[in-house]
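Residue strings, one per chain:
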Amino acid sequence: MNIKQLLKEVPQNPGVYRMKDSLGNIIYIGKAKNLRNRVSQYFTNQKNRAPKVVEMIRNIHSFDYSVTDTELDAFLEECRLIKEIKPKYNKLMKNSGSYLYLKIPSEMFPKVTIVNEKCDDHALYFGPFTSRHRVETTVEYLNDFFPIRKCAGQKLQKRTNGCLFMQIGTCLGVCTGKVKPEVYGAHIQKIQDLLNGKDRSHVRELSNRMHSVLKELDYELAAKYLEYASGLNHVIGKQRLVLSSGKNRNTVAVELMNNECAKLFIFKGNLLLFRKVISLTGECHELKEAIRQIILDMFVPERNNQHMMSSDEIDQAQIIYSYLRKNRNIMSFGIPFSYLKRETVKMDRLLDKIIVFKTHHSGKII
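Residues numbered from 1 in each chain as written. Predicted model: local features only at pLDDT ≥ 70, side-chain atom pairs only at ≥ 80, totals over all residues. Heavy atoms only, no water.

Colleague: Kindly report on the side chain of Asn90, identifying the contributing residues and their values.
Modeller: Relative to the elements of secondary structure, Asn90 occurs in helix α5 (residues 88-92). Given the relative accessible area of 13%, Asn90 is considered buried. A polar contact is formed between the side chain of Asn90 and the backbone nitrogen of Ile29, at a distance of 2.8 Å. If we skip the residues at most four places from it in the chain, Asn90 touches Ile27, Tyr28, Ile29 and Ile82. (Helix = DSSP H or I, 4+ residues; strand = E, 2+ residues; numbered from the N terminus. Buried < 20%, exposed > 50% of the residue type's maximum accessible area, 1.4 Å probe, protein only. Polar contact = N/O pair within 3.5 Å; in protein donor to acceptor, adjacent residues only side chain to side chain. Contact = heavy atoms within 4.5 Å.)

Colleague: Tell me about the sheet that holds strand β2 (residues 26-32), and please be specific about residues and values.
Modeller: Read across the sheet, three strands follow the order β2-β1-β3 without closing on themselves; strand pairing throughout is antiparallel. Looking at which strands have only one partner, the edges of the open sheet turn out to be β2 and β3 (62-67). Pairwise comparison of adjacent strand axes, ignoring direction, gives a mean angle of 20° for this sheet. Bridge analysis of strand β1 (residues 15-20) against β3 gives six bridges, and the strand direction is antiparallel. Residue pairing across strands places Tyr17 opposite Tyr65, the latter belonging to β3. Along the sheet, helix α4 (residues 71-85) contacts β1 and β2; its crossing angle with β2, the most-contacted strand, is approximately 160°. (Pairing = 2+ DSSP bridges. Axes fitted to C-alpha atoms, helices over the stretch in contact; angles between N-to-C directions.)

Colleague: Residue-level account of the pattern of salt bridges, with values.
Modeller: Taken as a whole and assessed by the stated rule, the structure comprises 16 salt bridges. Between Lys20 and Asp64 there is a salt bridge, and its shortest N-O distance comes to 3.0 Å. Taken as a pair, Lys20 in strand β1 and Asp64 in strand β3 lie far apart in primary sequence, 44 residues in all. In the salt-bridge network here, residues are joined through shared partners; they are Asp69, Asp73, Lys263 and Arg275. (Salt bridge = Lys/Arg side-chain N within 4 Å of Asp/Glu carboxyl O.)

By themselves, these are just geometric observations and shouldn't be taken as functional.
Right under this line is the structure:
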């Protein structure tokens, strides 16, 4: 098969591409804003490629692709196909260390640990997080400011005189067998409230400590407290996003296709409820009313009943909302249930954002 000739036929549109081996098996699926540019990169000499990428390219015998309206369409189709087909190299090339979780095991005296994936083991997980440094800093803070277990081993070893951490006052000394589970559990509950963003008093306390030691010119300790605060803010912020993703939240996204039309997407949790190309050539108030009616039709009361989402569904929602947040070519916003009335000032303000977004990206004065 003449790869160079095939590349000339690939359009410069958004879409999804599928790499195949000599037996016709799909070994990798990817998305692209510009299919020709992205696919061509696999067949040009590029230095410093990861070994797994080099191996995959050696096994590419052919490819095909599907054109989509927008980059968001391509992203959603990529997610669907990867979940359905599970190509070999999508799994192998995924960096298992790129996502981290904080784990509190379902034990009588649990430790707070960092893991790379969630398991169905009845433990409590926070995340996923992307910054290893911030997550490690957060665990360091928890170990410094909460008297929880810090012993290296996974199993609790009994010691008559307790461990070194107990002797210096940073651990309750559960290894002595004298600590009641409910006392230890109270500290674990405080950690849960902190990580879920329910209790910000610890972050405020860190700020107060930092300013106090700065007055004493202890810059090293002040820098340490600042690192702790940065780690906590990162973890708490990400966790709040995860929790909001798991509450079946209503989300509207708009991606411009050109100066005359855009694609409107409506999500509930991890589910895509609606997508349609809409015209931008009419009057502003007509556009707002058209979008308002679509939102009211899709987010009817019976669809706003909250239901428990599975771990996989929450992860899928997190992937979608992380993508929406990072892509500057897509505007997205949540629609609280209280906004779902025909006449609300707050809904109008959200719809006005679409007009501003269109104006900014098209360069036209509305």
